[in-house]
Amino acid sequence: MKKKSLVVGCGKLFQLVHLQNIRKNTKIKILIDPRKKLLNKILFEKKGLFRFTNFDGIETLQKKFDIIFNISSRQSSYYVIKKFLKFSKIIFSEKPGVFNYSQAKNLKKISKNYKSKVFFGYMSRFDQNIIRLKKILSKQKLNNLIKADFYISNNNFYLKNEKHFNSKEKKDFDFSIENYPNFLNKKFHVNYHIFINRYSHMINLIHFFLNNLKVKKFEIIDKYNYQTELSFKNKNIGVKFSNKGNYLIKIKFDYERYFYQLKMFNPLKNKASILIVKDKKTSISKKYVKYTNLFRDEIKSTINNKKNISFSTLEDLIKDFSLIDDIWKKTNH
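Residues numbered from 1 in each chain as written. Predicted model: local features only at pLDDT ≥ 70, side-chain atom pairs only at ≥ 80, totals over all residues. Heavy atoms only, no water.

Caption draft 1: A look at the pairing of strand 2 (residues 26–32). Counting buried residues in strand 2 gives 6 out of 7 residues, a clear majority hidden from the surface. Crossover strand 1 (residues 3–8) to strand 2 through helix 1 (residues 12–25) is right-handed. Of the strand pairs in this sheet, strand 2 and strand 3 (residues 50–52) are connected by 3 bridges, and their pairing is parallel. Counted as the bridge partner of Ile-32 is Phe-52 from strand 3. Read as a crossover between parallel neighbours, the route from strand 2 over helix 2 (residues 36–41) to strand 3 is right-handed. (Buried < 20%, exposed > 50% of the residue type's maximum accessible area, 1.4 Å probe, protein only. Helix = DSSP H or I, 4+ residues; strand = E, 2+ residues; numbered from the N terminus. Right-handed = clockwise from strand over helix to strand, strands pointing away. Pairing = 2+ DSSP bridges.)

Here you go:
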């Protein structure tokens, strides 16, 4: 029997990316969005579906759903998660989930009072070559790492031929607010907002492989382009955040004997990722080409709620935003 779900946020991302998977794998009982015209257009043919523009009366309907899908704005996401922690055992929230490090820590603290599991939508962790690389590297000695490089272009994500309903209502929930870190100079507010939206994805992916990172340098090239130099056990980790070209993720790990290179493409284009493993001693390379339906696997795994190394949890959220804080504190230097 399908689990009953509640969805918060019915905009472009929900319509073009998540709707088909959520609808196929759960029974959607409730839709919540502050845009009334938009709300009435989504699944308009579906009977027995409750629709709300706010959270009034939700408490009386809490037995009607088993899982929450939070696909609301970055400004409201933290408050949505906090609201529903007591109502559902499973909460899926699109990235970044919160707006700052303080909110991440607070969610973790509040969650201890409930049995809810919160997972965040960093779909790249579900790629089979990403998982393969993680398992391969877990058998390598970290002392043999020479350096690593990460690159992301988060540009041209949506396919041009796909259409969604846009009511053009400029409205968000009343509690929506941009909570910037206290230390951040106002002149960097726009940059920070763009960074957590586009590039927290790469921070999360780096943490899938490495922990206890320190920030050495951070450079703001322009509003959409950044680069940082991190260190891991005195090894250099270079990271470039770009909006140039099409959607692309590149990862390189250089060890004393082996070199690993992974490329991931736009997950909406159904294109396989490519992992190359090169033995530098013998010059022999092995190539793994594997397609993964990232958004489908992400949603299905969340619904099944079984232990999975690909899940991004509240603990991961805290690590991510702790590093994001450290990166942006470099702007004070």
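Picking up where we left off.
Caption draft 2: Molecular detail of the pattern of salt bridges. Within this structure, the stated rule accounts for 9 salt bridges. Its salt-bridge partner being Asp-279, residue Arg-257 comes within 2.8 Å of it at the nearest N-O pair. Separated by 22 residues along the polypeptide, Arg-257 in the loop between strand 11 (248–255) and strand 12 (258–265) and Asp-279 in strand 13 (residues 273–279) bring together distant segments of the chain. The partly exposed category is assigned to Arg-257, whose relative accessible area is 36%. Measuring nitrogen to oxygen at the nearest pair gives 3.0 Å for the salt bridge that ties Asp-297 to Arg-296. Sharing partners across several salt bridges, the network here consists of Arg-125, Asp-316 and Lys-319. (Salt bridge = Lys/Arg side-chain N within 4 Å of Asp/Glu carboxyl O.)

Caption draft 3: How the structure looks around the packing of helix 6 (residues 189–198) against helix 9 (residues 314–329). Orientation of helix 6 relative to helix 9, taken along the N-to-C sense of each, is 145°, at an axis distance of 12 Å. Read as a crossing pair, helix 6 and helix 9 show a hand that is right-handed. Between helix 6, through Asn-191, Tyr-192, Phe-195 and Ile-196, and helix 9, the contact on the second element is made entirely by Phe-321, Ile-324, Ile-327 and Trp-328. The residue inventory of the contact of helix 6 with helix 9, partitioned by class, reads 7 nonpolar, 1 polar and no charged. (Axes fitted to C-alpha atoms, helices over the stretch in contact; angles between N-to-C directions. Left-handed = near helix turned anticlockwise from the far one by under 90°. Contact = heavy atoms within 4.5 Å. Nonpolar A, V, L, I, M, F, W, Y, C, P; charged D, E, K, R; others polar.)

Caption draft 4: How the structure looks around a positive patch on the surface. A contiguous patch of positive charge, built from Lys-147, Lys-160, Lys-252, Lys-263, Lys-269 and Lys-271, is present on the exposed surface. In this fold, Lys-263 is placed in strand 12. A residue is classified by how much of its surface remains accessible, and Lys-263, at 31% relative accessible area, is partly exposed. (Patch = residues over 30% accessible without salt bridge, like charges linked within 9 Å, V, L, I, M, F, W, Y side chains within 5 Å. Areas by Shrake-Rupley, 256 points an atom, 1.4 Å probe, with all protein chains shown as cover. Lys, Arg positive; Asp, Glu negative; His and termini not counted. Charge placed at Lys NZ, Arg CZ, Asp CG, Glu CD.)

Caption draft 5: Helix 9, seen in detail. The end-to-end C-alpha distance of helix 9 is 22 Å, a good match for the 22 Å that 16 residues give at a rise of 1.5 Å each. All of the buried residues in helix 9 are Leu-314, Asp-316, Leu-317, Ile-318, Asp-320, Phe-321, Leu-323, Ile-324, Asp-325, Ile-327 and Trp-328. On its buried face, helix 9 sits against helix 4 (101–111), strand 6 (117–121), helix 6, helix 7 (200–209), strand 8 (214–220) and strand 9 (226–232). (Expected span 1.5 Å × (residues − 1).)

Caption draft 6: Quick peek at the side chain of Thr-331. Considering the arrangement of structural elements, one finds Thr-331 in the segment after helix 9. The class for Thr-331 is buried, based on a relative accessible area of 19%. At 2.5 Å, the side chain of Thr-331 and the backbone oxygen of Trp-328 are in polar contact. (Polar contact = N/O pair within 3.5 Å; in protein donor to acceptor, adjacent residues only side chain to side chain.)

Caption draft 7: Molecular detail of the sheet that holds strand 6. Strand order across the open sheet formed by 6 strands is 3-2-1-4-5-6, with parallel pairing between neighbours. Among the strands making up the open sheet, the edge pair consists of strand 3 and strand 6. Put simply, the sheet's adjacent strands are angled 25° from each other on average, direction ignored. As paired elements, strand 4 (residues 67–70) and strand 5 (residues 90–94) share 4 bridges and run parallel to each other. Residue pairing in the sheet places Ile-67 in a bridge with Ile-90 of strand 5. Sheet strands touched by helix 1: strand 1, strand 2, strand 4 and strand 5. Its angle to strand 2, the strand with the most contacts, is close to 140°.

Caption draft 8: Spotlight on the sheet that holds strand 10 (residues 235–242). What the 8 strands build is an open sheet, ordered 8-9-10-7-11-12-13-14; its pairing is mixed. Edge positions in the open sheet fall to strand 8 and strand 14 (284–290), since each of these has one partner strand only. On average, each strand axis in the sheet is inclined to that of its neighbour by 10°, with strand direction left out of account. Pairing geometry for strand 7 (residues 145–153) and strand 11, over 8 bridges, is antiparallel. Paired with Ala-148 across the two strands is Phe-253, which belongs to strand 11. This element, helix 9, spans strand 8 and strand 9 of the sheet and lies at about 55° to strand 8.

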